[in-house]
Amino acid sequence: MPEWLEAGFWGLLAGSALLIGAVVGFFARVPRRIIASIMAFGAGVLLSAVSFELIAEAHEQGGLLPTAIGAAAGALTYTGANILLARRGARHRKRSGEQQPSEQEQPGSGTAIAVGALLDGVPESVVIGASLLTGGPVSLVTVIAVFLSNVPEGLSSAAGMRQAGRSKRYVFLLWTAIAVVSGAAALAGYTLLGGAPPEVLATITALAAGAILAMITDTMVPEAFEDAHLLVGLITVLGFLVAFALSHA
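Residues numbered from 1 in each chain as written. Predicted model: local features only at pLDDT ≥ 70, side-chain atom pairs only at ≥ 80, totals over all residues. Heavy atoms only, no water.

Naming follows an unreviewed UniProt entry, where the protein appears as ZIP family zinc transporter of Micromonospora globispora. Regarding the protein, the relevant UniProt record gives this comment under Sequence similarities (unreviewed entry): "Belongs to the ZIP transporter (TC 2.A.5) family." (UniProt positions renumbered as here; feature names shortened; annotations may be inferred.)

The subject of this paragraph is the pattern of salt bridges. For the structure on display, the rule yields one salt bridge. With its nearest N and O atoms 2.9 Å apart, the salt bridge here joins aspartate 120 to arginine 93. Linking aspartate 120 in helix H4 (residues 109-130) with arginine 93 in the loop between helix H3 (64-90) and H4, this pair joins segments that are 27 residues apart in sequence. Grouping residues by exposure puts aspartate 120 and arginine 93 together as buried. (Salt bridge = Lys/Arg side-chain N within 4 Å of Asp/Glu carboxyl O. Helix = DSSP H or I, 4+ residues; strand = E, 2+ residues; numbered from the N terminus. Buried < 20%, exposed > 50% of the residue type's maximum accessible area, 1.4 Å probe, protein only.)

Here we come to the UniProt feature "transmembrane region" (unreviewed entry) in the protein. Here, the residues flagged by UniProt with the feature "transmembrane region" (unreviewed entry) are residues 7-27, 34-52, 64-85, 170-193, 199-216 and 228-246. Secondary structure across residues 64-85 comprises 100% helix and 0% strand; the distance between its end C-alpha atoms is 31 Å.

With that settled, consider the environment of isoleucine 35. Mapped onto the secondary structure, isoleucine 35 falls in helix H2 (residues 32-62). When its relative accessible area of 3% is taken as the criterion, isoleucine 35 is described as buried. Setting aside residues up to four positions removed in sequence, isoleucine 35 forms contacts with Val30, Ser96, Leu155, Ser156, Ala159 and Glu223. (Contact = heavy atoms within 4.5 Å.)

Okay, the packing of aromatic side chains next. In the structure shown here, the tally under the stated rule is six aromatic pairs. Consider the rings of phenylalanine 26 and phenylalanine 172, whose centres lie 5.5 Å apart with planes at 65 degrees: the pair is edge-to-face. Highlighted residues: phenylalanine 26 in helix H1 (residues 3-27) and phenylalanine 172 in helix H6 (residues 168-193), separated in sequence by 146 residues. According to the relative accessible area criterion, phenylalanine 26 is buried, its value standing at 11%. You can call phenylalanine 172 buried: its relative accessible area is 16%. (Phe/Tyr/Trp six-rings, centres within 6.5 Å; stacked < 30°, edge-to-face > 60°.)

Next comes the structure, spelled out in structure tokens:
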């Protein structure tokens with residue numbers, strides 16, 4: 001299989017977890033404490049992947065300065081875009097309760113939620129594609145981490161969309177489209193960054209890491225601790241350790 005096609009495949013595979021989670025979240029009445037626990041696990045997984053895969057790899061490729069600049073730029077870009085989307089009704093796009101506004105309550109919020117979901121998923125997919133540029137196999141740890149974190153993201157968000165009265169057609173078309181875009185973003189990460197100097201690759205990888213870290217704290221952590229119970233912190237650490245073990249397997 002050509003490497004560009006392989007990049008797209010891995011991105012699509014990781015993105016498909018959003019659709020799996022959305023199916024469960026829309027049709028099953030999962031208790032919110034369970035959703036919070038699953039989201040906490042996913043947050044822990046992504047935190048570990050950002051730390052030990054993305055930031056560590058960026059530092060190894062380009063050193064401290066490109067890594068720091070990229071991470072700060074990624075967080076700043078994500079936060080700015082997220083503020084704009086929040087004002088249009090996408091602030092609680094990953095919440096499973098009644099926080100999401102309906103289209104009647106805030107016109108245009110459905111579009112904002114869709115754009116916000118794309119904003120959350122693209123950085124993860126780009127680094128999956130870029131991981132093939134080192135000449136080795138794809139970073140399976142990154143793919144697994146993104147897949148594991150996407151399941152609770154899709155589950156929680158779809159449950160919230162159902163609560164807001166959004167149709168089944170809207171929910172599943174949205175998550176199917178995002179899974180496809182995830183594959184395209186991974187393909188783009190491979191094709192557009194091919195031949196780039198190590199410092200540029202380091203900056204892009206760190207930029208994605210910064211955006212992902214900002215996304216975790218802005219959208220995943222609030223849901224994880226919405227129905228906080230004494231085990232949520234432990235579950236987050238468990239997710240962190242699972243991803244850490246995979247990165248050192």
